[in-house]
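A closer look at the structure
Chain by chain, the residues:
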Amino acid sequence: MNGSTSAGAGQTSPSTSLGVFSGTSSGGLFEGTFAGCLGPVHSPARTASAADLTRALQRTRERTLGLVQAWQNAMPDLSVPPLPGMNPPLWEWGHIAWFQEWWTVRNRQRHLGTRSASSGADFDVSLLPDADVLYNSSEVAHDSRWALPLPDLAGTQAYLAQVLRRSLAHLQAVQAAGQGVSDEHLYFWRLVLQHEDMHNEASVYMAQDLGLALPPDLCWREPAPGAGAVHEAPVGRSGGILVPEQVYTLGHAGPGFAFDNECQPHPWPLAAFEIDAAAVTWARYLPFVQATGYALPPHVRLAQGVWQTQRFGQWQALDLQAPAVHLNALDAQAWCQWAGRRLPTEAEWECAAHQPGFAWGQVWEWTASDFVPYPGFEVHPYRDYSAPWWHNHRVLRGACAATSAHVVDVRYRNFFVPQRRDIFAGFRSVAVSVTHGASTI
């Protein structure tokens, strides 16, 4: 999840339904067409009740098991090379089970939410011997994961199933006790749901990076016809959205779930700016490549005069109106310099997302902001979610088409090192200056 491991969409309006990205393999995991997001979308998982969380956890597990089967079909020996952007698949799936077990089964303080201990005597032993030395990502170094005596696929699937049954039994007990809407009592189930969704997204981008063929309905939604259209909004000279000068409140406050790096609301003064209404497309990015000789992403090529992209090992025509993807922060900055523009800060991105016509959710978007704590940061029980990664990671905002609706939220701060190209990331840009009337801001 995020850049803290090798592992790390949405709807068109805020919703309390958890069925947006739900379904079965027979009908397609992602039902309907994907048009991305418009405006300040909030994740329904963050305020979900115990009953809704039960259904969401079961549906997310359907996707997990579907990806397990798809990976086995595409790579029977599950032998992934030891690369920085990878994890052994058996480790990934075992870690999902371990994380859920640690926080919602073994943790006797789970009812305390953010006030819970993070380890120690208040945690019971695992259902699986040596689970902690195999799957605790805080303790198990990345490069060592290929040498661990991991359970085989059947053993890993059994562990996943056992933990889910125990976890849901505890969740049902919370509901039966009349605590099924308490933010404290539900905190860890909301956390483990999004954690599993993030690792599922990582399974998708790892498969893309390896050129493995996975079923599209397990991976992402396809853009709906006209998804790139922008609704009426204040428009600048270059077709972007004009955002007025203001003091924006950055950071989460109020009820519901929040990750620790999102908390502590604080005022953030913003000068007026003009920002792209949508992420930069290939039609805008490729002229820069042709004009400068800048390197293409590995999955894009020009073959006999036709631009092509490689999707899960298959070359196909590149949709020039689709957002440019598999770009790192350095690529984004290089394009901005060539185009005479700049990347938005994360505060600008989030503020702009509240403007009419701001379309997002097809690719993660690099910002100009380093991943740093908000003022007054307080670490949550999952202590290694944010704190170890400050300052050397870059913030990305938004979501991509492989992101579960449980994760998609306008406040969500994704973060990776700026060199990463394997994730489904692109960018949008901001005008270097904004002209309003006779004055330049």
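Residues numbered from 1 in each chain as written. Predicted model: local features only at pLDDT ≥ 70, side-chain atom pairs only at ≥ 80, totals over all residues. Heavy atoms only, no water.

**Some thoughts on the sheet that holds strand β8 (residues 314–317)**
Backbone hydrogen bonds are what pair the strands of a sheet, in a parallel or an antiparallel way. Strand order in the open sheet formed by 3 strands is β6-β7-β8, and the pairing between neighbours is antiparallel. Sheet topology places β6 (300–303) and β8 at the edges, where each strand pairs with a single neighbour. Strand after strand, the sheet turns through a mean of 40° between neighbouring axes, direction not considered. Taken together, the 4 bridges between β6 and strand β7 (residues 306–311) define a ladder with antiparallel strand orientation. Bridge pairing in β7 places V300 opposite T309. (Pairing = 2+ DSSP bridges. Helix = DSSP H or I, 4+ residues; strand = E, 2+ residues; numbered from the N terminus. Axes fitted to C-alpha atoms, helices over the stretch in contact; angles between N-to-C directions.)

**Thoughts on the side chain of R61**
Inspection of the secondary structure puts R61 in helix α1 (residues 50–74). For R61, a relative accessible area of 4% puts it in the buried group. A polar contact is formed between the side chain of R61 and the side chain of E196, at a distance of 2.8 Å. Residues in contact with R61, not counting those within four places in the same chain, are I96, Q100, L160, A161, L164 and E196. (Buried < 20%, exposed > 50% of the residue type's maximum accessible area, 1.4 Å probe, protein only. Polar contact = N/O pair within 3.5 Å; in protein donor to acceptor, adjacent residues only side chain to side chain. Contact = heavy atoms within 4.5 Å.)

**Considerations on the packing of α1 against helix α2 (residues 89–104)**
Across the interface, α1 lies against α2 with an axial gap of 11 Å and an inter-helix angle of 165°. The angle between α1 and α2 places the two elements in the roughly antiparallel class. You can see that α1 and α2 cross each other, and the crossing is left-handed. Only P89, W93, I96 and Q100 of α2 make contact with α1, whose side of the interface consists of L57, R61, T64, L67, V68 and W71. Here the residues of the contact of α1 with α2 are counted per class, giving 7 nonpolar, 2 polar and 1 charged. (Parallel < 35°, antiparallel > 145°, perpendicular 65-115°, else oblique. Left-handed = near helix turned anticlockwise from the far one by under 90°. Nonpolar A, V, L, I, M, F, W, Y, C, P; charged D, E, K, R; others polar.)

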